[in-house]
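# Residue-level structure breakdown
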Amino acid sequence: QMVPVNDVETNGDRTAALINRYTWYMSTIPVVSSVLGATSSMFAVEGVALNAYALYVAKKFDKDRTNANARKVFLTSLWYLPCLMTLFILHSRRWKEPIDGEDRDAA
């Protein structure tokens, strides 16, 4: 079952905690991928901006559990992941490296 269906007894506490926890987990992706060398440091900078807004929306929902704030969390989740993955691809350090056995100058 979905989390909100199971969260009737606690008045949304479990749902708000789950949203906050997963938002914090997702916010580590840009920094970790930059530290590990998979992406450039610009991905970390741009990812922090995306995650700051996502964390803001999650905290706002935690403080005031209205349908409008729940809708904002939902809409943020719809554009957040495609934006993050697009930035990941654009800032990937492996994007322009040749595949083993492939010549760079071969056209």
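Located above this text is the structure these notes cover.
Quick caveat: nothing in here was measured; it's all calculated off a predicted structure. Per chain, residue numbering runs from 1 following the sequence as it is written. Two thresholds apply to this predicted model, a pLDDT of at least 70 for residue-level local features and 80 or more for giving and counting side-chain atom pairs, whereas whole-chain, interface and lining totals are computed over all residues. In computing side-chain properties, one takes all heavy atoms of the structure into account and sets aside hydrogens as well as water.

We now examine the overall build of the chain. A run of H or I in DSSP becomes a helix once it reaches four residues, and a run of E becomes a strand once it reaches two; helices and strands are each numbered from the N terminus. Helix and strand content of the chain: five helices and zero strands. Partly exposed residues are those whose accessible area sits between 20% and 50% of the maximum for their type, while under 20% is buried and over 50% is exposed, using a 1.4 Å probe and protein chains only. With 107 residues in all, the chain has 28% of them scored as buried. We call two residues contacting when some pair of their heavy atoms lies within 4.5 Å. A separation of at least 24 residues holds for 63% of the contacts in the chain among residues at least 6 apart in sequence.

This part covers the packing of helix α4 (residues 41-63) against helix α5 (residues 67-90). Note on geometry: axes are lines fitted to C-alpha atoms, helical ones only across the stretch in contact, with angles between N-to-C directions running from 0 to 180 degrees. Their axes nearest at 10 Å, the elements α4 and α5 cross at an angle of 170 degrees. When the axis of α4 is compared with that of α5, the two are roughly antiparallel. The chirality of how α4 crosses α5 is left-handed. Contacts between α4 and α5 pair Phe43, Glu46, Leu50, Asn51, Tyr53, Ala54, Val57, Lys60 and Phe61 from the former with Asn69, Ala70, Lys72, Val73, Thr76, Trp79, Tyr80, Cys83, Leu84, Leu87 and Phe88 from the latter. Residues belonging to the contact of α4 with α5 are distributed by class as follows: 14 nonpolar, three polar and three charged. Just so you know how the angles are binned, under 35 degrees is roughly parallel, over 145 roughly antiparallel, 65 to 115 roughly perpendicular, and the rest oblique. A crossing counts as left-handed when the near helix is turned anticlockwise from the far one by less than a right angle, and as right-handed when that turn is clockwise. Three classes are used: nonpolar for Ala, Val, Leu, Ile, Met, Phe, Trp, Tyr, Cys and Pro, charged for Asp, Glu, Lys and Arg, and polar for all others, with Gly counted as polar.

Moving on, we come to α5. A helix is expected to span 1.5 Å multiplied by its residue count minus one. Along its 24 residues, α5 runs 35 Å from first to last C-alpha, staying within 8% of the 34 Å computed at 1.5 Å per residue. Of the positions making up α5, those classed as buried are Asn69, Val73, Thr76, Tyr80, Leu84 and Leu87.

A separate point is the side chain of histidine 91. Relative to the helices and strands, histidine 91 is located in the segment after α5. What histidine 91 contacts, discounting residues up to four positions off in sequence, is Ala38, Thr39, Ser40, Met42, Phe43 and Glu46.

Attention now goes to the packing of aromatic side chains. Here a ring pair, both rings aromatic, is described through the centre-centre distance and the interplanar angle of the planes. Geometry of aromatic contacts follows a simple scheme: Phe, Tyr and Trp rings, the Trp one being its six-membered ring, pair when their centres are within 6.5 Å, and the pair is stacked under 30 degrees between planes, edge-to-face over 60, tilted otherwise. Enumeration over the complete set of coordinates arrives at four aromatic pairs. Here phenylalanine 43 and phenylalanine 88 contribute two aromatic rings whose centre-to-centre distance is 5.5 Å and whose plane-to-plane angle is 85 degrees, an arrangement assigned as edge-to-face. Separated by 45 residues along the polypeptide, phenylalanine 43 in helix α4 and phenylalanine 88 in helix α5 bring together distant segments of the chain. Relative accessible area serves as the criterion here: at 27%, phenylalanine 88 is assigned to the partly exposed category.

Everything listed here is a matter of coordinates, which is why it stays silent on function.
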